Amino acid sequence: MRRPLIAGNWKMHKTVAEASAYLEDLIAEDLPTSVDVVCCPTFVSLPAAAMVVTGSQIGLGAQNVHWDTSGAFTAELAAPMLTEIGVQWVIVGHSERRTFFGETDETALDRARAGQAAGLEVIYCVGETLAERDAGETFAVLERQTATLGALDPGHLVLAYEPVWAIGTGRTATPAQAQEAHAFLRVRMASIFDGAAADGMRILYGGSLKPSNADELLPLADVDGGLIGGASLDVGSFSAIIRAAADCAAGDES
Ligand code: 13P
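Everything numeric here is computed off the predicted structure, so don't read it as measured data. (Residues numbered from 1 in each chain as written. Predicted model: local features only at pLDDT ≥ 70, side-chain atom pairs only at ≥ 80, totals over all residues. Heavy atoms only, no water.)

Caption draft 1: Structural context of the site of the ligand. Taken together, N9, K11, H94, E162, A166, I167, G168, G207, S208, L227, G229 and G230 make up all the residues around the ligand. Between G168 and the ligand, the recorded distance is 2.7 Å, taken from a backbone N or O atom to an oxygen atom. One nitrogen or oxygen atom from the main chain of G230 is found 2.8 Å from an oxygen atom belonging to the ligand. Expressed as a share of its isolated accessible area of 310 Å², the protein-covered part of the ligand is 95%. Looking at side-chain class alone, the shell around the ligand contains three nonpolar, seven polar and two charged residues. (Near = heavy atom within 4 Å. Polar contact = N/O pair within 3.5 Å; in protein donor to acceptor, adjacent residues only side chain to side chain. Areas by Shrake-Rupley, 256 points an atom, 1.4 Å probe, with all protein chains shown as cover. Nonpolar A, V, L, I, M, F, W, Y, C, P; charged D, E, K, R; others polar.)

Okay, here's the thing in C-alpha cells:
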C-alpha cells in the first residue's frame, strides 16, 4: 500500500518569520503519523524552516533546483546547496514555471535528475491546460510530459497531476476526471519503468484541493495524496487535509 503524501507548495508566500511561525504551529497540531507531510517554502525561508522542522515529522522541500552543481546561473540554486541545509524534497516542472519562466519538459527533466543525484526526492508536476482538455488532448499531453521520465529513479520520484485549469481557480477536477488521469499516469509509469515501480509510485493530485473536497479526491484508488497551494498556507486547512488523508489510509486498511 502506498503511504499518503501531503505536500504544501507555498509558492511566493510567507516571509521568513511567517514561515517559522507557521511551521511551529503545524508541529503543535499533533498530526497523524500515517501520512508523509512536506512543506515547500520559498528559498529564503528554507534555512530557518529547516531549524524549526528538525526532529519533527515535517519534511522540507524546495520549489525548484538547477540542473548543474555550480556555475554562472544568476538567481538559480544547486541541489547540494539545498541538501546541505537539510532540504529533502524538490518540486520540479510546476505549471507556473512552465508558463511564466520558460520551463520545458527537457529542463524539468534535467532539474529532476540533478535533484535525485544529490539525494532529493522529486515531486514532478504534469497536467494539461483547459484548451488541451477541451481539445481532447489530456492523455497526449500527459504522455508527452512524462516521455523522458525513464531517465529518473522511480524509487525517488513522486508524480503530481495538476490540471492547469484547476490551479488557484477554485475549480477542481471531478473525482472521475482525477481518477482517470491518475490511472492513465500509473499505466504510463508501468510502461516506462515496470509494474512494481508504478504500483509503488505516489501520484498526487493538485489543483484547488481543500478540506471541503479532500474527502472526495483523496480516497480515489490512484490518488496517493495532494500537492496543495492556497489551502496549504493556513495551518488549520492544511492539517485538515492531512487528517483526511490519514482517514483514507485507515479506511484502506480496515
Ligand atoms: P492551488 O491549491 O492553490 O490550486 O495550487 C495548486 C498547486 O499549484 C500546487 O502546486
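There's more to say after this.
Caption draft 2: Region of interest: the UniProt feature "binding site: substrate" (unreviewed entry) in the protein. When the UniProt feature table is mapped onto this chain numbering, "binding site: substrate" (unreviewed entry) sits at N9, W10, K11, G168, S208, G229 and G230. A compact arrangement is adopted by the annotated residues: their sequence extent is 222 residues, whereas the largest C-alpha distance between any two is 13.8 Å. For S208, the residues in contact, after removing those within four places along its chain, are A166, G168, T169, G170, R171, T172 and N213. Within the structure, the side chain of S208 is placed 2.7 Å from the backbone oxygen of A166, a separation counted as a polar contact. For G229, the location among the structural elements is in the loop between β8 (225-228) and α11 (235-253). Not counting residues up to four positions away in its chain, the partners in contact with G229 are N9 and K11. (UniProt positions renumbered as here; feature names shortened; annotations may be inferred. Contact = heavy atoms within 4.5 Å. Helix = DSSP H or I, 4+ residues; strand = E, 2+ residues; numbered from the N terminus.)

Caption draft 3: Structural view of unusual backbone geometry. Not every positive phi belongs to a glycine, and D30 is a case in point at roughly 55°. Mapped onto the fold, D30 is located in the loop between α1 (16-27) and β2 (36-40). Although it is not a glycine, S208 adopts a positive phi angle of roughly 55°. Inspection of the secondary structure assignment puts S208 in the loop between β7 (203-205) and α10 (211-217).

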